[in-house]
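Observations on chain architecture
Residue strings, one per chain:
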Amino acid sequence: MSAVLQSTTPTAEPVANYRLSLRRFTRNKLAVAGLVVVVVFLLFCFVGPLLYSTDQTHTDLHQVNLGPSGAHWLGTDAVGHDEVGRLMFGGQVSLLVGLAAGVLATVIGTLWGATAGYVGGWADAVMMRVVDAGIAIPALFILLVVSAITTPDTLGLILVLGLVSWLVPSRLVRAETLTLKSRDYVLTLRATGGTHGRAIARHILPNSVSTIVVAATFQVADAILLVAYVSYLGLGVQPPKTDWGGMLSAGLTAAYSGRWWLIVPPGLAIILVVCAFNAIGDGLRDAFDVRGRG
Amino acid sequence: MSPARTRLLAGVTLSACALLLAGCSGSTGSSSASKDSINYALPANFTPNWILPIGTAAHLNTNNSSISHTLWEPLVAYDGSTGKIGWNKAGSIATAADFAADNKSVKITLGDRHWSDGKPITSQDVKFWFDLIKANKKQWAGYSPGQAPDNWTSLKADDDRHVTLTFDKAYNPQWMLANELQYIIPLPKHAWDQGGDPVKTWTYLNNAAKNIGGYASNPLWKTISGPYGVKSFSTAGKVVLAANKKYDGGEKPGIPTVNLLPFTTTDAEKNALRSGSVDYGYIEATDLDQKESFTARGYEVKPWSGWAITYMPYNFNNPSMGPVFKQLYARQAIQRSIDQTTIAKVVFSGTAVPGYGPIPTGQASAFVSQTQKDNPYPFSTSAARALLTSHGWSEQSGVMTCTRPGSGASQCGDGVAKGTKFQMQVLSQSGSAVTDNMMSAIQSSLAKTGIKFSIKTAPVNSVLSQTPQCTASQSICKWQLSFFGTAGSWYFPAFPTGDALFQSKGGSNFGNYSDAKVDQLISASTTSSSNQAIQDYSASLAKDLPVIWLPEPDYQISVMKKGLGGFAQDSLANFHPAQWKWTS
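Calculation notes
Residues numbered from 1 in each chain as written. Chains lettered and ligands numbered in written order. Predicted model: local features only at pLDDT ≥ 70, side-chain atom pairs only at ≥ 80, totals over all residues. Helix = DSSP H or I, 4+ residues; strand = E, 2+ residues; numbered from the N terminus. Contact = placed C-beta atoms within 7 Å. Buried ≥ 20, exposed ≤ 12 C-beta atoms within 10 Å, placed from the backbone. UniProt positions renumbered as here; feature names shortened; annotations may be inferred. Pairing = 2+ DSSP bridges. Axes fitted to C-alpha atoms, helices over the stretch in contact; angles between N-to-C directions. Domains from an automatic or database assignment. Nonpolar A, V, L, I, M, F, W, Y, C, P; charged D, E, K, R; others polar. pLDDT = per-residue confidence, 0-100. Core = buried A, V, L, I, M, F, W, Y, C linked by C-beta atoms within 7 Å. Parallel < 35°, antiparallel > 145°, perpendicular 65-115°, else oblique.

1. A few points about the overall build of chain A
Scanning chain A for helices and strands turns up 14 helices and zero strands. Along chain A, from the amino end to the carboxyl end, the secondary structure elements read α-α-α-α-α-α-α-α-α-α-α-α-α-α. In chain A, of all internal contacts separated by at least 6 residues, the share reaching a separation of at least 24 is 73%.

2. Focus: unusual backbone geometry
P240(A) follows P239(A) through a cis peptide bond whose omega is 5 degrees. Among the secondary structure elements, P240(A) is positioned in the loop between α12 (209-232) and α13 (244-251). With an omega dihedral of 5 degrees, the bond running from A148(B) to P149(B) counts as a cis peptide bond. With a phi close to 60 degrees, N375(B) is a non-glycine residue in the positive phi region. Using a count of 17 C-beta atoms within 10 Å as the deciding quantity, one classes N375(B) as partly exposed. Of note, the phi angle at L545(B) is positive, near 55 degrees, even though the residue is not glycine. If you trace the backbone, L545(B) turns up in the loop between α18 (532-544) and β21 (547-550).

3. Notes on the UniProt feature "transmembrane region" (unreviewed entry) in chain A
Residues annotated by UniProt as "transmembrane region" (unreviewed entry) correspond here to residues 30-52, 95-118, 130-149, 155-173, 212-235 and 260-281 of chain A. From the first C-alpha to the last, residues 130-149 of chain A spans 24 Å; its make-up is 90% helix and 0% strand.

4. Remarks on the sheet that holds strand β13 (residues 308-313) of chain B
All names here are of chain B. Spatially, three strands are ordered β20-β13-β21 in an open sheet, and the strand pairing comes out antiparallel. The open sheet has two edge strands with one neighbour each: β20 (490-491) and β21. Across two bridges, the pairing between β13 and β20 is antiparallel. Looking at β20, one finds that I309 is bridged to W490.

5. A few points about the sheet that holds strand β5 (residues 105-110) of chain B
All names here are of chain B. As summarised here, the arrangement of the four strands in space is β4-β5-β7-β6, forming an open sheet in which the pairing is antiparallel. At either margin of the open sheet sits one strand with a lone partner, and together these are β4 (94-99) and β6 (152-159). In this sheet, adjacent strand axes meet at a mean angle of 20 degrees when their direction is disregarded. Pairing geometry for β5 and strand β7 (residues 162-167), over five bridges, is antiparallel. Pairing of V106 across the sheet is with L165, part of β7.

6. Describing the interface of chain B and chain A
Counting residues at the interface gives 38 residues for chain B and 37 residues for chain A. Elements with a minimum of two residues in the side of chain B that touches chain A: α1 (3-23), α11 (340-347), α14 (433-449) and β18 (452-458) of chain B. A total of twelve residues in the side of chain B that touches chain A trace back to one element, the largest contributor, which is α1(B).

7. Regarding the domain arrangement of chain B
Accessible area lost on assembly of the parts is the figure often given for the size of an interface. Residue and element names in this part refer to chain B. Under the domain assignment used here, chain B contains domain 1 (16-73 + 193-306 + 558-582), domain 2 (82-182) and domain 3 (308-553). Of note, the centres of domain 1 and domain 3, computed from C-alpha atoms alone, are 34 Å apart. Listed as interface residues are ten residues of domain 1 and, on the opposing side, twelve residues of domain 3. Tallied by class, the residues present in the side of domain 1 that touches domain 3 amount to five nonpolar, four polar and one charged.

8. Let's talk about helix α10 (residues 328-336) of chain B
Of all the positions in α10(B), only A330(B), R331(B), A333(B), I334(B), Q335(B) and R336(B) are classed as buried. The inward-facing, buried residues of α10(B) abut α9 (322-325), α13 (381-389), α14 and β21 of chain B.

9. Quick notes on the UniProt feature "domain: Solute-binding protein family" (unreviewed entry) in chain B
Taking the numbering used here, the UniProt-annotated feature "domain: Solute-binding protein family" (unreviewed entry) corresponds to residues 93-500 of chain B. Taken as a whole, residues 93-500 of chain B contains 28% helix and 21% strand, while its terminal C-alpha atoms sit 28 Å from one another.

10. Observations regarding the confidence of the model for chain A
Mean pLDDT over chain A works out to 87, with 92% of the residues at or above the 70 mark. Counted against residues more than four places away or in other chains, residues 1-12 of chain A, with its pLDDT under 50, gives nine contacts.

11. Considering the nonpolar core
The tendency in soluble globular proteins is for nonpolar side chains to be buried as a group. If you look at the biggest cluster of nonpolar residues, it comprises 227 residues, and the most contacted ones within it are L161(A), I224(A), V227(A), V273(A), L75(B), V76(B) and W129(B). The leading source of residues in this core is α12(A), at 15 residues.

12. A closer look at the environment of A533(B)
Residues and elements named next belong to chain B. Note that A533 resides in helix α18. Linking A533 and I522, residues eleven residues apart in sequence, is a C-alpha distance of 7.9 Å. Apart from residues lying up to four places away in sequence, A533 is in contact with L521, A524, S525 and S528.

13. Focus on the environment of L52(B)
Note that L52(B) resides in the loop between β1 (37-41) and α2 (62-71). Once you skip the residues sitting within four places of it in the chain, L52(B) turns out to touch S68(B), L205(B), N206(B) and A209(B).

14. Digging into the environment of Y537(B)
Residue and element names in this part refer to chain B. Considering the arrangement of structural elements, one finds Y537 in helix α18. Taking the C-alpha atoms as reference points, Y537 and G408, 129 residues apart in sequence, are found 29 Å from one another. Once you skip the residues sitting within four places of it in the chain, Y537 turns out to touch P358, G498, L521, I522 and S525.

15. A word on the packing of helix α3 (residues 123-135) of chain B against helix α6 (residues 198-209) of chain B
Residues and elements named next belong to chain B. Where α3 meets α6, the closest approach of the two axes is 9 Å, and the angle between their N-to-C directions is 90 degrees. Taken together, α3 and α6 sit at an angle that is classed as roughly perpendicular. Between α3 and α6, the contacting residues are D131, L132 and A135 on the first element and P198, V199, T201 and W202 on the second. Across the contact of α3 with α6, the residue classes break down as five nonpolar, one polar and one charged.

16. Quick look at the pairing of strand β23 (residues 556-561) of chain B
Residues and elements named next belong to chain B. Most of β23 sits inside the fold, with five of its six residues counted as buried. Sheet analysis places strand β12 (residues 299-304) next to β23, joined by six bridges and oriented antiparallel. Residue pairing across strands places P303 opposite I557, the latter belonging to β23.

17. Some remarks on the confidence of the model for chain B
Residues and elements named next belong to chain B. On average, chain B scores 91 in pLDDT, and the residues at 70 or more come to 94%. Between residues 1-32, whose pLDDT stays under 50, and residues either more than four places distant or in other chains, the model counts 56 contacts. Overall fold confidence for the complex sits at a pTM of 0.82, while the interface term, ipTM, reaches 0.78.

In C-alpha cells form, the structure reads like this:
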C-alpha cells in the first residue's frame, strides 16, 4: 500500500529531494564559486554603470588608446571609450543575450521534447527527425547567414540563438519523458480520467526539472560563447552597442601594440562567466543525480 | 569527458587563444631576401587568376593587370611609377604620340622593339589589339558606352612603326593619353591570331586563359614583350616571374626572380612579415604604432599613397530618405558633421588626408580647384544643427524630425513629409578595424547634430551587390548609404574625370546622382585641352556634395626590406617588379 501511495503522490518527495539537492549543491565549492562569479558579473554589468558612469554612445577621438590610469581604470579603446564602462556595457549584451537565449532554447526544447516523448509513435518519430536534421546544421553557420541578411540587434540575437539552440535540450527532455510516462503515478492519473496535458504539466515536467535546469545552465554558457563567436567575426551587435566578443575582436588589432587592456579584460570576462555557468551546471547535475545520493 | 567538461574546455580554449594572441610577440624566421629574388605580398584575399592582358568583367583586378603588364608592355604606360603621374616612356612600347592640331587624331610612333621569340613588334600588333577590342567590346572590362573604342573611329597602320588613331571628335590630349590610349597593349599577332577572325581569336584566347594551370607551360604565353615571363603560376595564387632575357625595352629587370605571394588575411600576411619571409609587404594603419618592431627586423615602413577618392554614396532614389538626400542643406549638414581632420589624424594614424571633393588630394595636381582645397563645409555640429533647424527640423527624442514640410526656404523641402525622421543606415565594408572606428566616430558626431546613423556591416562584395543603381519602386532600393572604401573607394586613371561616378547614368554612379550642370562640366573636362574645365568640375562637386566626402587613406602601408629601392610606389595602385632593385 505504501508503495502505491508513494507512486501516486510524488509531489511530497520532490520537495524533500530539492532540499537535499540544495544541500548537495552548496557543498560543491566550485559550483558555489560559479554562482558567486555570475552574481558579481550581473551586478558589475547592470548595477555598475550607476556607480561608474561613462559615455558609451559617443566617441572621443582625443582620448584614444590611453593606458590604465586614475581617470580610466582600464584605459580607453581606439575611439576613446572608457574600457571599464565598455566592459559593463558589453557585458549587458553578452549576459542578456546569453541568459535570454538559454532560457528560450530550454523552453522550446522542453516543450518539444516533452510532447514528442509523451505522444510517441509517428509524431515522436517526425519530431525527433526534425531535431536530427537541425543538429546536422552547424548553429554557427545559421547564425552567420542570419547575421548577413539582417541587422543584428539584441532581440534578434536572442531569437536566433534561442531558435538554433533548443535541439539538444529537446532530446534530453524527450528521453526523460519516455521514462516518466510509464511511471505508475502517470498511468494512474490517465486511468482516473486525467488529460494528457494535465499529465505533462502535473507530473512529466515537474519531475524533469532537474534535467531542464542543468540543460539550461549549459545553454546559457553556450549562448554566451556563440554571441562571442559571431561578434568576433564582426557580425554581432552594431556600434555603439558592443559585447565581450566584439570587444575582443576589436582589441586583437592591438595584440602586438602592448595594449593588453583591450584584450585581457573581455577575454577574462568570457572565460570566467562561461566557466562559472559550466560549474553551476556541473554542480546542479551532481545535486540532482539520484545515483550519487548516499 | 562529460559534455559539460567539453564545453568548459571549449570556453577556456577560446579565451586562452585570445590571451595568447595578446601576449604573443611573433617569431623571427630566416630572411628570404637574396640578391636574386624577392618575395612580394599580394593583397589579402586576392588570388591572381588571369594572364590575358585584356580584362573581362569576371577577372577585373588591378593586380591581374599589374602581372599581365609585366609580361606584355602597354603602348603608353601612363602611371605613377616614376614618382609622379605621367607617361613612363621606359615602360612603354611607344616612343611618341603626336596629336593633330585639331585634337581629332593622334599619330603614335613605336620603338624598335622585339618579341621574346625575336620577331619585331610592329603596328600590326597594335592593330591586332584594336580589332580584338572593337569586335568584342561588350566582353571587355574597360568598356564604357561612348568611350573607347566607341569614340575611336579608325586605326590605320601607316608603316611598321607608326599608327594613326582617329577619334569621333576633338579630345583633351592629356585625357586621351592618360585614360584611353593607356589601354592599348600590342599583342603578338603572329602567335595569337586565329585566321584573322577577331571574334574567333577572342574566344580562343579567353578559353586558353581560363586554364590557370597552363600559364607556365602553354607556348601561347611565352611570346612576351615585357621584362618578365611566368615561371610558375599556381591555382592557389602563388606566381613566380622570371626575367625575360630577350627583353629589349627600357625597364630591365633588377631582380631575376619575383615571387608574388597570396594571403587569405592581413593577419597572415603580417605574421609572414614578422617571420621575415616577405620582403615587400604591408601593414594596416592601426599597426603603425608597431613600426619600430618592423624596423628592428630590418624593414622600412613606407606609406603608399593612392590616386583615389573615398566617399559614401547617397541613394537618391531610396523611397524614405531619398527626398531628404536631395536637399542640399541636408547634405551640407551631414558633411559638416564629419570631422575629417581628426579622423585622418587619429583613426587613420595620419595615413589619410581629408577629402573634400572629386579630385584626389593625397598628391599635388593641377586638377584640384581652390574651392575643394579650402573645404567649403568645415566641421561644426552646431552649424549643422542650425542648417537643419532653419529648414523646418526640430529635435524629438534625440533625432531631428521634419516639423515644417514644404518647399519654402525655411521648410524641409520637396518630398519630405511631416514627421520624417533624419535617420539613415549605411551598409559598410566589414573586416577593417579602421573602417569600424571611422564609422563609430561618424555615428557619434552625427548624433550630436541630431542625425541617427546606424551601421550594418558586410563583406565588400556583399556591399557592392546590395547597393546597386536602382529605382524607388525596386525592392533592392532599400539601401540608403554605402561604404566600400577601406582602401579608397575609387581609383582613377591618371586623368581623374568623373564620367563613371557622377555623370547622370554613369556606370558606377551607384546613388543615381544627377545634375545637368555637372554633366556638362564632366564632358568639358574630357574634350577641353585646358585644366580649367576639370577644376570647375572639382569646385562644383565640392560644393554640391553628390556623396559624403571622407578621408582618403593611403593605398597601403608598405613594409619593405632595407636595401630594396630604386623605384617609386605607383599611386595608380599598380606594381612594377622590373623597377625593384636590391641596392645594398
